[in-house]
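A closer look at the structure
The residues making up each chain are set out below.
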Amino acid sequence: MDEQVIQQPMPQPQQAQAVYKYKPEIKQFDKVFVFLSAVVGFLFARYTMFNFNGFFTTAAALLIFACCAVYVIKCGHRPTASQWVLGGVICAFSLTYSITSSALLHFLCTVFLIAAVFWWVEAVVIHARFVTKFFPLDLLKTVFVQPFIDFGGAFRALSKKNGSGKPSAAGPVIVGLITAMPLTVVVAALLADADEGIRSILESLTVNLYKLDISAVVAELILAFPAALIFFGMLRADAKNKMYPLPPDMYYHSKLAALKKVSNPGIYAGVTPICVLYLMYVISQANYFLSAFSGRVPGNMLYSEYARRGFFELCVIAVINLCVILFMLTFAKKSGSESTPALKAYTVIISAFTLFIISTALAKMLLYIGRYGLTRLRLYTSWFMVLLAVIFIVLTVRAFVKKLPTAKIITAAFIVLFGALCFSRPDALITEYNIRKYLDGEHETLDTGMLSGLSDDAYLAALKYAKSGMFEKSGLPDAERCRNEIVEMCGSAVDSYTHDPMYSCNISAQELKALYTEYYGTTS
């Protein structure tokens, strides 16, 4: 019997599916924003990375935000009232460059504004009223990932076909010009060094912009190019959110659930010795800690040693405790919505201990300031301690309130505290406090050397005291010397405006110049 052969149909090779790398559609207005991004990149490099020039930096920051607002609206997104309020906060912080002349505050404000502007665009697109539940993670992706997803979008926008169906010539032309700029500047610098006539021509061409500084211009152009690409990439990636969405909350929940592998008893066993040690430490050092609240220094310890030891303890213990709490909330099997009473108790105990240390350190700081005066480091350290206290208070309340909007509260608190720091002009506060304590006889000397290392905010506050006649009325032995040193350092600052007027482009510098000229005349 013949073997029956059952023939099965040969499997047909599947046709390979084309894999497309989707890119958001390029609109005609994208080309316009490529040029605006180039301007934004140069303004960012010029007025935030090299020169914080007050009024110009404020104008640049407002222009950058306006470009973002126009772009998201052109893409069909409409900011809500709460989002416009957040935009108003961004515009308000942009005024910091004009209100104060502190370079440190300018730097901190720049970092804040970059994150705030990037997040504002994302918030408008995803319809977030303020911040998301997993705001820290979303902010990191918005700032460090989204802008690079469509990093070359500017080149594609410039090379987009025009209405006749032919590729636009603008792309190659602009790319060629941008690429040739650094080389052109280098060649111009070499020619200027080789021939005095060329140097005169180049300087005359730029006299209405700013004094030609070849090295500075080259550095600005080099940094402006990637800054423009990042800015345009951010706008494209955020505005085209359907192509590049942020991860949903369920994504983060699943990732966090995968990390919850440590048993709760193991967590308690590891944390209990630390808590017992903290308790023993507080009891044994009660006199040392509580001396701050009674306004005295324990034993023969010096004020400076007393305060420094407090700061070290605060920083180390606060960081350790914060890490311990985050570890428990992240890796404990029963945490979050399934948190056990024991886990809540440990969170509250550790937070309470940290709050005790922070309050003690603040009391010691006030004691130290009252004895030795206020400095920039002491003021900023106190501000940071207050921020830490807010964070631990929120963590304590979170242990009892499951649906507490932790990210919103901490973010709002940070904005309020940072705004208070920026708009209070800290250098002026430092100067006023020290001079007042000196004139009242509470401080033996006035550290004019320290004051001279501050910004024009401090110079203005000091000059107001110098012209008021309070130094002469105080009758202190070295009052006249202190007054003369203040007038001298203010005169040097005003004189520097003549050589570089850009340093006078803020309110403090303008007031200082007017006040000094009114009472002491010009310096040269």
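As a starting point, this report considers the structure included with it. Keep in mind that what you see is a predicted model, and the values were worked out from it rather than measured. Within each chain, residues carry numbers counting from 1 in the order of the written sequence. Local features in this predicted model are restricted to residues of pLDDT 70 or higher, and side-chain atom pairs are both shown and tallied only at a pLDDT of 80 or more, whereas totals for entire chains, interfaces and linings draw on every residue. Side-chain figures throughout are based on the complete set of non-hydrogen atoms in the structure, without hydrogens or water.

**Examining the side chain of Asn264**
As a reminder of what qualifies: Under the scheme used here, helices are H or I runs from DSSP no shorter than 4 residues and strands are E runs no shorter than 2 residues, and both carry numbers assigned from the N terminus. Any residue under 20% of the maximum accessible area for its type is buried, any over 50% is exposed, and the rest in between are partly exposed; the area is computed with a 1.4 Å probe on protein chains only.
With respect to the element layout, Asn264 can be found in helix α13 (residues 264-284). Using a relative accessible area of 7% as the deciding quantity, one classes Asn264 as buried.

**Side note on the pattern of salt bridges**
Condition: Salt bridge, as used here: a side-chain nitrogen of Lys or Arg that lies within 4 Å of a carboxyl oxygen of Asp or Glu.
According to the stated counting rule, one finds 5 salt bridges in the structure shown. Residue Arg481 pairs with Asp478 through a salt bridge whose shortest N-O separation is 3.0 Å. The class of Arg481 is partly exposed, set by a relative accessible area of 38%. The structure contains a network of salt bridges with shared partners spanning Asp478, Arg481 and Glu485.

**A look at a nonpolar patch on the surface**
Threshold: Residues enter a patch when their relative accessible area is above 30% and they make no salt bridge; the linking distance is 9 Å between like charges and 5 Å between nonpolar side chains (Val, Leu, Ile, Met, Phe, Trp, Tyr). Only the protein chains shown count as cover for residues, and the accessible areas themselves come from Shrake-Rupley with a 1.4 Å probe.
The grouping of Leu137, Leu140, Phe144 and Val145 at the surface amounts to a nonpolar patch, some 380 Å² of accessible area in total. Here Val145 lies in the loop between α6 (135-144) and α7 (146-149). Exposure remark for Val145: the relative accessible area of 38% places this residue in the partly exposed category.

**Looking at the packing of aromatic side chains**
Each aromatic ring pair is described using two quantities: the centre-to-centre distance and the angle formed by the ring planes. Formally: Stacked, tilted and edge-to-face are the three classes applied to pairs of Phe, Tyr and Trp rings, where Trp contributes its six-membered ring and a pair requires centres within 6.5 Å; stacked means planes under 30 degrees apart, edge-to-face means over 60, and tilted covers the rest.
All told, the structure shown has 18 aromatic pairs when counted by the stated rule. Geometrically, the ring pair formed by Trp383 and Phe414 is edge-to-face, given 6.3 Å between the ring centres and 70 degrees between the ring planes. On the criterion of sequence distance, the pair formed by Trp383 in helix α17 (residues 376-398) and Phe414 in helix α18 (residues 406-423) is long-range, its members being 31 residues apart. Residue classification places Trp383 among the buried positions, given a relative accessible area of 18%. By relative accessible area, which is 29% here, Phe414 ends up partly exposed. Members of the aromatic cluster, connected to one another through ring pairs, are Phe93, Phe112, Trp383, Phe414, Phe418 and Phe423.

**Structural notes on the packing of helix α2 (residues 55-74) against helix α5 (residues 103-126)**
How we decide: All axes here are fitted lines through C-alpha atoms, helices being fitted over the stretch that makes contact, and every angle between N-to-C directions spans 0 to 180 degrees. The cut-offs work like this: below 35 degrees is roughly parallel, past 145 is roughly antiparallel, 65 to 115 is roughly perpendicular, and the gaps in between are oblique. Definitions for this section: a left-handed crossing has its near helix turned counterclockwise from the far helix by less than a right angle. A right-handed crossing has that turn clockwise. Whether two residues are in contact is decided by their heavy atoms, any of which lying within 4.5 Å being enough. Just so you know the grouping, Ala, Val, Leu, Ile, Met, Phe, Trp, Tyr, Cys and Pro go in nonpolar, Asp, Glu, Lys and Arg go in charged, and all remaining residues, Gly too, go in polar.
Two elements in contact, α2 and α5, have axes separated by 10 Å at closest approach and are oriented at 15 degrees. Here α2 is positioned roughly parallel relative to α5, judged by the angle of their axes. In the packing of α2 onto α5, the handedness of the crossing is right-handed. Contacts from Ala61, Phe65, Cys68, Ala69 and Val72 in α2 reach Leu113, Val117, Trp120, Val121 and Val124 in α5. Classifying every residue of the contact of α2 with α5 by side-chain character gives 10 nonpolar, no polar and no charged.

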